[in-house]
Amino acid sequence: MSAASCLLTEDQFLCSICLDVFTDPVTTPCGHNFCKTCITEHWNINVQCPNCKEVFNTRPELRVNTFISEMAAHSSEQQVSKPGEVPCEVCTGTKLKALKSCLVCLASYCETHLEPHLTMSGLKRHQLIDPVENLEGRMCTKHDKLLELFCKTDQMCVCMFCTISDHKTHDVVPLKEEYEVKKAELEKTESGIQQMMQKRRLKIQEIKRSVELSKEGADREIADGIQVFTALKESVERSQAELIDTIKEKQRKTEKQAEGFIKELEQEISELKKRSTEVEQLSGSADQLHLLQSFLSLNAAPPTKDWTDVSVRPPSYEGTVVRAVAQLEETLNDEITNLFEAELKRVQQYAVDVTLDPDTGHPALILSDDGKQVKHGDVKKNLPDSPERFDHCVNVLAKQSFSSGRFYYEVQVKGKTDWYLGVVRESINRKGKITACPKRGYWTICLRNENEYKALASSPVHLSLSLHSEKVGVFVDYEEGLVSFYDVDAAALIYSFTGCSFTGKLYPYFSPLFNNNGKNSAPLIISHVTKLSRTI
């Protein structure tokens, strides 16, 4: 059947009535084939052959043509070529999907038309490949031969004749060998791409998680803020209500006192009116005896009060509002203290272990063996003047650096009259005189002359601290661009640099300043962070 199938064209599998592949093919006495249903319906109108027009007096008995039926079924099993697929170049009408392409014939064949290449000895020697389009592109344009070699020198496909002309001395390998090499490279590249994609998917998850954590933090902060400001608002409203009640109570006492005086005066007036009437009546009497006898009873005048020094004085309100505001201020200060304590507790959870780097310290500085203390020693030691070392300002940096996230550390400044603390960029100038400010990579605060606290911003900011800080906490949020300083003992915020633009590494920075004849001999001490234990 395979051999026969190669002799049949595609049209021979089509019914001439419905123009489709045969369904239950039958043969008429005149030798033509039709679908059983098609010829039956045709004969209901006219009993003659649709092809040769032979007329039958009686309707012939039709039988299935098993050969055509099997061939039609075999043909229908083959897939019709779809867009993007290589079609058979022999098929006429409906193009079937090609199974193979021949590099000798430069043509592509479906299963049926491929049969000769599988059965005929001459065609068996042809090189078959998976179906491809543009077979002409696989031929050498110069020699019209198959491109079956690869020139590694020129990185191009060549034919056999090219190797004895233009590519004679070049490194040439079989196409298949280079195919395997390039395929391995592509697989490696694909693996790398997949790994890169996976890393980016993980990074997306990480970013999404960061956003979630940020939202959770924002929600907590909003809730805490609402709670704090609600408490402050309630305190203000309560103080206002207490102030109004105090003033109204004074006014009520004044009104009550006045009402008592008025009532007493009105009672005396009533008594006096009675006496006035009696006197008026008696004085109008013409009876001399009656007047004289009644006059004696008038001498007993009703008792009255001496109102000369009696008065109702308005209450004094001076200081009432001031005292209420002072009380409110005390309440608010307690609330603010609680707030700062809570804030300090939060930043203390980012505590890191910091030690001093002797390779950066000014030669006159004395560092403890554990790298936790530094002070000025008056005598300048003979140390290598490396690029990392400060040579003029008595500064020293920590060994540890930070280029992301949050970190916190505490420094004891007890007993000192002068010091500098903060963080700096790795790229700061360490030689000669230095002006510390954010523009030059310094985010620092300082104490000068025992009581002059300053934040060294673009213009120095004078800080008002009621008590001398004995321990200073330094907190940095790299991504947020925030550097905050805390008075640890008072649990109070000293100053914050906000909106900072950090690039590269940040280092904790320390300067104990000069000994000053022993007045400033106490060291700066990097302390172990002990979290606040007070109830907030």
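For the structure, see preceding data.
The rules behind the values
- One numbering rule holds for all chains: residues counted from 1, following each sequence as written.
- Side-chain atom pairs in this predicted model are given and counted only at pLDDT of 80 or more, local residue features only at pLDDT of at least 70, and totals for whole chains, interfaces and linings cover all residues.
- With hydrogens and water stripped out, all remaining heavy atoms of the structure feed into the side-chain values.
- The angle between two axes is taken between their N-to-C directions and runs from 0 to 180 degrees, where each axis is a line fitted to C-alpha atoms and a helix contributes only its stretch in contact.
- Counting from the N terminus, the helices are DSSP H or I runs at least four residues long and the strands are E runs at least two residues long.
- Roughly parallel covers angles under 35 degrees, roughly antiparallel covers those over 145, roughly perpendicular covers 65 to 115, and oblique covers all other angles.
- A crossing counts as left-handed when the near helix is turned anticlockwise from the far one by less than a right angle, and as right-handed when that turn is clockwise.
- Residue contacts follow a heavy-atom distance rule, with two residues in contact if any of their heavy atoms lie within 4.5 Å.
- Cavities and pockets were defined on a 1 Å grid built from protein atoms only: a cavity is a group of points that admits a 1.4 Å probe but offers it no way out, a pocket is an open group of points flanked by protein on both sides within 12 Å along at least five of seven lines, and a lining residue is one with an atom within 4 Å of any such point.
- Grid points are joined across faces, edges and corners, and a volume is the space filled by probe spheres set on the points.
- Gly falls in the polar group here, along with every residue not listed as nonpolar (Ala, Val, Leu, Ile, Met, Phe, Trp, Tyr, Cys, Pro) or charged (Asp, Glu, Lys, Arg).
- For two strands to be treated as a pair, DSSP must find at least two bridges joining them.
- When accessible area is computed with a 1.4 Å probe and restricted to protein chains, residues below 20% of their type maximum are described as buried, those above 50% as exposed, and intermediate ones as partly exposed.
- To pair, rings of Phe, Tyr and Trp, with the six-membered ring standing in for Trp, must have centres within 6.5 Å; the planes then decide the type, stacked if under 30 degrees apart, edge-to-face if over 60, and tilted in the middle.
- Both a distance and an angle decide whether a charge sits over a ring: NZ of Lys or CZ of Arg must be within 6 Å of the ring centre and within 35 degrees of the ring normal.

Student: Can you walk me through the packing of helix α6 (residues 175–283) against helix α8 (residues 320–348) in this structure?
Tutor: In helix packing, the relevant descriptors are the interaxial angle and the interaxial distance, both defined with respect to the helix axes. Interhelical geometry of α6 versus α8 gives an angle of 165° and a closest axis separation of 10 Å. Here α6 lies roughly antiparallel to α8, going by the angle between them. Considering only the axes of α6 and α8, their crossing is right-handed. Contacts between α6 and α8 involve E221, D224, V228, A231, L232, S235, V236, S239, L243, T246, I247 and K250 on the former and, on the latter, T320, V321, R323, A324, L328, T331, L332, E335, L339 and R346.

Student: Would you mind going over the layout of surface pockets with me for this structure?
Tutor: Vacant regions in the atomic arrangement are exposed by a probe of water-molecule size rolled over the atoms. In this structure, the largest pocket spans a volume of roughly 1,500 Å³. Around the largest pocket, the lining comprises 38 residues; the ones closest to its centre are G217, R220, E221, E343 and R346. Mapped by element, the contributors of at least two residues to the lining of the largest pocket are α6, α8, β17 (471–477), β18 (482–487) and β19 (492–497). Per-element accounting of the lining of the largest pocket gives the leading share, 15 residues, to α6. Per-class residue counts for the lining of the largest pocket are 17 nonpolar, ten polar and eleven charged. Looking at the second largest pocket, its volume works out to about 460 Å³.

Student: How should unusual backbone geometry be read in this particular structure?
Tutor: If a residue is not glycine, its phi is most likely negative; likewise, a peptide bond is most likely trans. Here D144, not a glycine, exhibits a phi torsion of approximately 55°, which is positive. Positionally, D144 belongs in the loop between β5 (128–129) and β6 (149–151). Despite not being glycine, N517 has its phi angle at roughly 55°, a positive value. The residue N517 is located in the loop between β20 (506–511) and β21 (524–527) in this model.

Student: Sorry if this is basic, but what is going on with the sheet that holds strand β13 (residues 419–425) here?
Tutor: By way of backbone hydrogen bonds, the strands of a sheet pair with one another, either parallel or antiparallel. Judged by pairing direction, the sheet is antiparallel, and its six strands sit side by side in the order β11-β20-β13-β14-β15-β16 without closing on themselves. On the outer flanks of this sheet lie β11 (396–397) and β16 (461–463), each paired with one strand and no other. Note that β13 and β20 share six bridges and pair antiparallel. Along β20, the bridge assignment pairs R425 with L506.

Student: Help me understand the pairing of β17, please; the structure alone is not making it clear to me.
Tutor: Burial analysis of β17 places six of its seven residues in the buried class, which makes it a mostly covered element. In this structure, β17 lies alongside β18, joined through six bridges in antiparallel fashion. Looking at β18, one finds that D477 is bridged to L482. Between the end of β17 and the start of β18, which pair antiparallel, lie four residues, with G481 showing a positive phi angle near 70°.

Student: Before we go on, may I ask you to explain the sheet that holds strand β3 (residues 100–102) in this structure?
Tutor: In spatial order, the strands read β4-β3-β5; together these three strands make up an open sheet with antiparallel pairing. Where the open sheet ends on each side, the last strands, each with one partner, are β4 (107–109) and β5. Across two bridges, the pairing between β3 and β5 is antiparallel. Note that in β5 the partner of C102 across the bridge is L128. Its contacts with the sheet place helix α4 (residues 111–119) against β3, β4 and β5, and it is angled at close to 110° to β4.

Student: How should the packing of aromatic side chains be read in this particular structure?
Tutor: Each aromatic ring pair is specified by the distance between its two centres and by the angle formed by the two planes. For the structure shown, the criterion picks out eleven aromatic pairs. Note on Y478 and F502: the rings are 5.4 Å apart at their centroids and 45° apart in plane angle, and the pair reads as tilted. Here F502 lies in the loop between β19 and β20 and Y478 lies in the loop between β17 and β18, a separation of 24 residues in the sequence. Taken individually, Y478 and F502 each receive the classification buried, so the pair is uniform in this respect. Three or more aromatic residues joined by ring pairs form one cluster here, namely W443, Y478 and F502. One cation-aromatic arrangement involves K305 over W307; the distance from NZ or CZ to the ring centre is 4.7 Å.

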